[in-house]
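Listed below are the residues making up each chain.
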Amino acid sequence: QVQLVESGGGLVQTGGSLRLSCAASGRTFSKNAMGWFRLAPGKEREFVAAISWSGGNTYYADSVKGRFTISRDNAKNTVYLEMNSLKLEDTAVYYCAAHGSGSYFVTDDYDYWGQGTQVTVSS
C-alpha cells in the first residue's frame, strides 16, 4: 500500500509559477515510477508528466512540455511538479499517482492515487 498526499496548489495569475509536491508513505516509494495527472471541469483526467523510479527518465504531455518539470527525491519520498508559464487551461485538480505496470500515460496503469490539489490560473 502507498499513501500519497499532494500539496502546493493554489491561485496564480497567467504566466506565474507553482510547485506541487507529493509526499508518499507506505511501501517502498523508490521502486515506483510516479506520475502527475490533472482533471479539469468537463474533461477527462489527463496525463501531465511521469518520472521513472530512478528519476533518470521523464515524460511529458505535449501541452506542458517546456513549461513543467517533474522530479523526485527518493530520500524524502517526494515527487515534485514545477509549473512555469502557467496558462488558463492549466486550471485543474492535479493528482499524483504511483505507477503499477504498463504505460506511463494511462490512468488505469497506476495503482495508487492522492486526493488531489487544486490549481487555478486566473487572467
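Please refer to the structure placed before this passage.
Residues numbered from 1 in each chain as written. Predicted model: local features only at pLDDT ≥ 70, side-chain atom pairs only at ≥ 80, totals over all residues. Heavy atoms only, no water.

### With respect to the nonpolar core
A general tendency of soluble globular proteins is for nonpolar side chains to be buried together.
Next up, step 1: Membership of the largest hydrophobic core comes to 35 residues, with the highest contact counts inside it found for L4, W36, L81, M83 and Y94.
Next up, step 2: Once residues within four sequence positions are removed from consideration, Y94 is found in contact with E6, L20, W36, F37, R38, V48, F68, L81, M83, G116, T117 and V119. (Core = buried A, V, L, I, M, F, W, Y, C linked by side-chain atoms within 4.5 Å. Buried < 20%, exposed > 50% of the residue type's maximum accessible area, 1.4 Å probe, protein only. Contact = heavy atoms within 4.5 Å.)

### A word on the side chain of R38
Next up, step 1: Structurally, the position occupied by R38 is in strand β4 (residues 34-39).
Next up, step 2: For R38, a relative accessible area of 5% corresponds to the buried category.
Next up, step 3: In this structure the side chain of R38 is engaged in a polar contact, spanning 2.9 Å, whose partner is the side chain of D90.
Next up, step 4: A polar contact of 2.9 Å, which involves the side chain of R38, links it to the side chain of Y94.
Next up, step 5: Setting aside residues no more than four positions away along its own chain, R38 makes contact with E44, R45, E46, V48, S63, V64, F68, E89, D90, A92, V93 and Y94. (Helix = DSSP H or I, 4+ residues; strand = E, 2+ residues; numbered from the N terminus. Polar contact = N/O pair within 3.5 Å; in protein donor to acceptor, adjacent residues only side chain to side chain.)

### Description of the state of the cysteines
Next up, step 1: Within the structure shown, the criterion is met by one disulfide.
Next up, step 2: Shown here is the disulfide that connects C22 with C96, its sulfur atoms set 1.9 Å apart. Disulfide C22-C96: the torsion about the S-S bond is 45°, which places it as right-handed. Note that C22 is positioned in strand β3 (residues 18-26) and C96 in strand β9 (residues 92-99), a separation of 74 residues in sequence.
Next up, step 3: C22 sits in the buried class, given a relative accessible area of 0%. (Disulfide = S-S within 2.5 Å.)

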